[in-house]
Amino acid sequence: AEERWDPLYGWIYVPHARNVGKELDSFIEPGNCKGPVLVLFVKNDAIRAAVLRSFEDAAQEIAGLACLGIVHCDDQPAVCAKQNVRKTPSVMLYPTGNRAARLYRGRLSEEGFTAAVAQMIGFNDRTVHLTHRSLSEFLTGRTRPIKVLLFSRRPRTPVIFKALSSDAELWPHMEFGFIPEEVDNARNPLLDAYNIETVPQVTVQYGPDLSTKQTYASTDITYPALKEWLLARRAEFWLGSPLWQETTPEEPEALLDDTPDSNYEVLAPGTKGCPTDLEIKSVSECQTALKELGMDVDPRWVSNYPELPSKCSVRESPSAEHPERMHFNSFVGGAGRQDLSPVCKRPGAATSASSAAASAASTLSAAMRGAEVQEIDISSLPQQLQNMLQNLDLNSAAEIDLDDLMRKLAGNLATKSKPRAEVKVNAEPKATSTAAKQQYVKLPVGANGCPMGSEILTFDECRQAILSLGLKPDPYWTSSYEGLPRHCSLRERPGEGIGLERMHFNTANRGSGRDDLAPICRKGQTPSIEATSSKSKSQQRQPEKKKGSVASETSPVIQELNIMSQQRLLNRDKFYYLVYMTKGGLTNADESMLLDVKDHFQQRLDERGVLMDLLWLDLSIERQLKILLDPPALPSAMVLRGGGQPKFVLAHHREEDEEAVGVKEEDIILLVNKVLGDEARFQRLNAKKLEMAWTKRGPGG
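Colleague: Help me understand the packing of helix H2 (residues 48-61) against helix H4 (residues 110-121), please; the structure alone is not making it clear to me.
Modeller: Axis angle and axis distance: for two packed helices, these are the angle between their axes and the distance between the axes, and together they describe the pair. Following both chains from N to C, one finds H2 and H4 inclined at 40 degrees, their axes separated by 8 Å at the closest point. In this view, H2 runs oblique relative to H4, as classed from their interaxial angle. Both H2 and H4 take part in a crossing whose hand is right-handed. Of H4, the residues touching H2 (which contributes Val51, Ser54, Phe55, Asp57, Ala58 and Glu61) are Glu110, Phe113 and Thr114. Classifying every residue of the contact of H2 with H4 gives four nonpolar, two polar and three charged.

Structure, rendered in structure tokens:
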């Protein structure tokens, strides 16, 4: 610990932030710190002691994640001059890797310093903010049965706990819950439930079994120390809790018999995955399959990872290092591993299920044509029909009266139908197939990709679209690669020289055309084939060239938000947009920066199932929108949620000389971090005001 005399506050202690002095060059040299480096430059002035205290508090919280150092410019003027420090106090940020150092422009507070570290590390916060209502569900969740609880004096999750929740050695096995000391200015009742007298305190238990609870007793609350303790608890808990296992209902004997009538089968260890049409599509079905096969489910692993078999698999011989049995991997196109065996539907069972669904659908169709049908089994219908029937407020019984169903359907169609749309009840079955085929179109080979708004955004829809066009999707390829068209495309003539894969699904944030692939798009918003295929390499970006104020509808990268595109884009419910607001056009540097931000968050977006796209908005034209949104300065950024009740949240603008300045990449990253961390406060937009605010444009823009 370092003890220094301050002329205003006397002796102060700086135990976690190191006084580097002349050793600054060695302190910031890459490789000497496992994480990023922050250096505070100070002089003997009035605010020095307060800033030192905030810096020390931050250093204590993020110990083990970053290195914090202090340079006293009164003692080392040459060092400060070499670093071009013009005023104090100031903080320099030195990221890991080859990224350039930069001046920290945020608040000189503990929260500001820790937020800067969190931004540079870019971890995926998986903590759950617990309340009295959500605690029981959190403890009984079996996906990650080891429960870690932090009782804290802070109102928000500390950076060190967020980092632990994203550690690759911890999060697949443990779930992290955060409990603040106070709720609504009163003591949190959860502290009394756990007999917590002082905070902070960290406890671990296996599920809801309180007999397994252990408390972290050390005063060394640093990232390395806590991680070491949690790894020891992971090894200790890998066999689970006998008490919790006893409360699990016993399986019926019929499910434990090794019978050939099972609907599922286990493939050989090391197999990449199941055939596409025999894959188990959900976590619940994977669990059902293992129980039917007489296998244990817990502990289980559920995530998105490219080096495991896709969908459902099982580890039949767990170990202390790898205790998980059931695995469900949502990554499409995974890899085989010798300790995991894919679990698939049996071919005959899949056919039987399809027949049952077809029979139920046929029964429903007959009822709609007026045939006398008394009852129908809802559970045998396709999932989309099940969801539709549940939305009609029918009773929860497995079988329903068809007269009641017909009345509900008729009322629902009457309220939702538009004047120009007719509902053809007696349509032939082929009409559905034809309509499905007309929803998609294949662009010419070599096209860069689909226009904004017509992209196919999921693997399953890509496969469905190709089948609806009468084409073959298998074998397929899926990954992230900028040398192929984005999203869905097709190779119609596979071969040894160019590749055997037909369907391609590319999750990269940018892509390019290739002369053996044809993009597959939604047809309703696709421009003419001639317009799409007329793109050439001459349209590629030139340095700092401005895009026009009216973006092309066929722009493959970032679309402008204006009166022509807003209705199509903003009506997409549960869809998020990162909108960059400018005073004039969008430069190529802006475009590259926004794409880098999207790349930075793509994995977190995929894991959480959040759909987010990039847009830009010219507020020099959209003046009424500028008044409505009221950004402090330009350029600015916001995250906008579409749908019937649009909401938005603006990025935070830093200040220079008491005036707000335009946002930079780090400010946008902080904004998206807040949104994904559920810390952003969205404001509701009046839909009518928004609709009236758009500037009308002529044919020339």
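The rest of the description comes next.
Colleague: Sorry if this is basic, but what is going on with the sheet that holds strand E10 (residues 174-180) here?
Modeller: Within a sheet, neighbouring strands are paired by backbone hydrogen bonds and run either parallel or antiparallel to one another. Taken in spatial order, the five strands make up an open sheet running E8-E10-E9-E13-E14, and their pairing is mixed. Whereas interior strands pair on both sides, the edge strands pair on one side only; in this sheet they are strand E8 (128-129) and strand E14 (209-215). By the bridge criterion, three bridges tie strand E13 (residues 201-206) to E14 in an arrangement that is antiparallel. When the bridges of E14 are listed, Val204 appears paired with Gln214. Across the sheet, helix H8 (residues 223-237) lies against strand E9 (146-152), E10, E13 and E14, angled at about 15 degrees from E13, the strand it touches most.

Colleague: Looking at this model, I keep getting lost on empty space enclosed by the protein. Mind explaining?
Modeller: Using a probe with the size of a water molecule, rolled over the atoms, empty space left in the structure can be pinpointed. By the definition in use, this model includes four cavities of 30 Å³ or more. When its volume is computed, the largest cavity comes out at roughly 80 Å³. Lining of the largest cavity is provided by 13 residues; of these, Pro145, Ile146, His173, Pro299 and Pro323 occupy positions nearest its centre. For the lining of the largest cavity, the residue count by class is eight nonpolar, two polar and three charged.

Colleague: Hey, could you run me through the state of the cysteines in this one?
Modeller: A complete count under the given rule lists six disulfides for this structure. Paired by a disulfide, Cys33 and Cys67 hold their sulfur atoms 2.1 Å apart. Its S-S torsion of about 100 degrees marks the bond between Cys33 and Cys67 as right-handed, since a negative value means left-handed. With Cys33 in the loop between helix H1 (24-28) and strand E4 (37-42) and Cys67 in strand E5 (residues 67-72), this pair connects stretches of sequence that are 34 residues apart. The class for Cys67 is partly exposed, based on a relative accessible area of 23%. Two residues share a disulfide in this structure: Cys450 and Cys521, whose sulfurs sit 2.0 Å from each other. Between Cys450 and Cys521, the S-S dihedral sits near -90 degrees, and the bridge is therefore left-handed. On the criterion of sequence distance, the pair formed by Cys450 in the loop between strand E22 (440-442) and helix H16 (459-468) and Cys521 in strand E26 (residues 518-522) is long-range, its members being 71 residues apart. Comparing Cys450 with Cys521, the two get one shared label, buried.

Colleague: Just to check I follow, could you spell out the nonpolar core for this structure?
Modeller: Buried together is how nonpolar side chains tend to be arranged in soluble globular proteins. Counting 44 residues, the largest nonpolar core has Leu38, Phe55, Leu68, Val148, Leu164, Phe176 and Leu230 as its most contacted members. Excluding its chain neighbours within four sequence positions, the residues that come into contact with Val148 are Phe138, Phe161, Met174, Glu175, Phe176, Gly177, Val202, Thr203, Val204 and Leu230. Among the nonpolar cores identified, the runner-up in size contains 25 residues, and Leu578, Phe601, Val663 and Ile668 belong to it.

Colleague: Can you walk me through the side chain of Glu455 in this structure?
Modeller: Mapped onto the elements of the fold, Glu455 is located in the loop between E22 and H16. For the buried Glu455, no salt bridge is present, and the opposite-charge side chain at shortest range is Arg486, 4.5 Å distant. Leaving out residues up to four positions away in the same chain, Glu455 has contacts with Cys450, His487, Arg522 and Asp613.

Colleague: Teacher, can you tell me more about the pairing of strand E25 (residues 503-506) here?
Modeller: Each regular strand displays side chains that alternate between the two surfaces of the sheet. Here E25 shows no split at all, with Met503 and Phe505 on one side and His504 and Asn506 on the other all buried. Where strand E24 (residues 487-490) meets E25, four bridges bridge the pair, whose relative direction is antiparallel. Following the sheet pairing, Cys488 is matched in E25 by Phe505.

Colleague: Which parts of the structure should I look at to understand the confidence of the model for the chain?
Modeller: Confidence in the prediction for the chain averages 76 pLDDT; 74% of positions are at 70 or higher. Within the chain, the element-level pLDDT minimum falls on helix H10 (residues 253-256), averaging 37, and the maximum on strand E30 (residues 636-641), averaging 94. This stretch, residues 413-433, has a pLDDT under 50; its non-local contacts, to residues over four places away or in other chains, come to four contacts. Residue range residues 525-556 is modelled with pLDDT below 50. Its contacts to residues more than four positions away, or to other chains, number 69 contacts.

Colleague: Would you take a moment to explain unusual backbone geometry for this structure?
Modeller: Leaving glycine out, the prevailing phi sign among residues is negative, and the prevailing peptide bond configuration is trans. The peptide bond linking Thr88 to Pro89 adopts the cis configuration, its omega dihedral lying at -5 degrees. Residue Pro475 is bonded to the preceding Asp474 through a cis peptide linkage, with omega at -5 degrees. Positionally, Pro475 belongs in the loop between H16 and strand E23 (476-479). The backbone of Asn195 shows a phi angle near 55 degrees, a positive value even though the residue is not glycine. Residue classification places Asn195 among the exposed positions, given a relative accessible area of 66%.

Colleague: Is there a simple way to think about the packing of aromatic side chains in this case?
Modeller: Any pair of aromatic rings gets described here by the distance separating the centres and the angle formed by the planes. Overall, the coordinates contain nine aromatic pairs when judged by the stated rule. On the basis of an interplanar angle of 85 degrees and a centroid distance of 6.4 Å, the ring pair of Phe459 and Phe505 is categorised as edge-to-face. Of this pair, Phe459 sits in helix H16 while Phe505 sits in strand E25, placing them 46 residues apart in sequence. Judged by its relative accessible area of 11%, Phe459 falls in the buried class. Looking at Phe505, the relative accessible area reads 6%, which means it is buried. On the numbers, 5.2 Å between centres and 35 degrees between planes, the contact of Phe575 with Tyr577 is tilted. Grouping residues by exposure puts Phe575 and Tyr577 together as buried. Clustering of aromatic rings is evident, with ring pairs tying together Phe55, Tyr104 and Phe113. Note that Arg126 overlies the ring of Trp171, its terminal NZ or CZ placed 3.7 Å from the centroid. When the ring centre of Phe138 is taken as reference, the NZ or CZ atom of Lys147 above it lies at 5.3 Å.

What counts as what
Residues numbered from 1 in each chain as written. Predicted model: local features only at pLDDT ≥ 70, side-chain atom pairs only at ≥ 80, totals over all residues. Heavy atoms only, no water. Axes fitted to C-alpha atoms, helices over the stretch in contact; angles between N-to-C directions. Helix = DSSP H or I, 4+ residues; strand = E, 2+ residues; numbered from the N terminus. Parallel < 35°, antiparallel > 145°, perpendicular 65-115°, else oblique. Left-handed = near helix turned anticlockwise from the far one by under 90°. Contact = heavy atoms within 4.5 Å. Nonpolar A, V, L, I, M, F, W, Y, C, P; charged D, E, K, R; others polar. Pairing = 2+ DSSP bridges. 1 Å grid on protein atoms, 1.4 Å probe; cavity = no way out; pocket = protein on both sides within 12 Å on 5 of 7 lines; lining within 4 Å. Points joined across faces, edges and corners; volume = space filled by probe spheres on them. Disulfide = S-S within 2.5 Å. Buried < 20%, exposed > 50% of the residue type's maximum accessible area, 1.4 Å probe, protein only. Core = buried A, V, L, I, M, F, W, Y, C linked by side-chain atoms within 4.5 Å. Lys, Arg positive; Asp, Glu negative; His and termini not counted. Salt bridge = Lys/Arg side-chain N within 4 Å of Asp/Glu carboxyl O. pLDDT = per-residue confidence, 0-100. Phe/Tyr/Trp six-rings, centres within 6.5 Å; stacked < 30°, edge-to-face > 60°. Lys NZ or Arg CZ within 6 Å of the ring centre and 35° of its normal.

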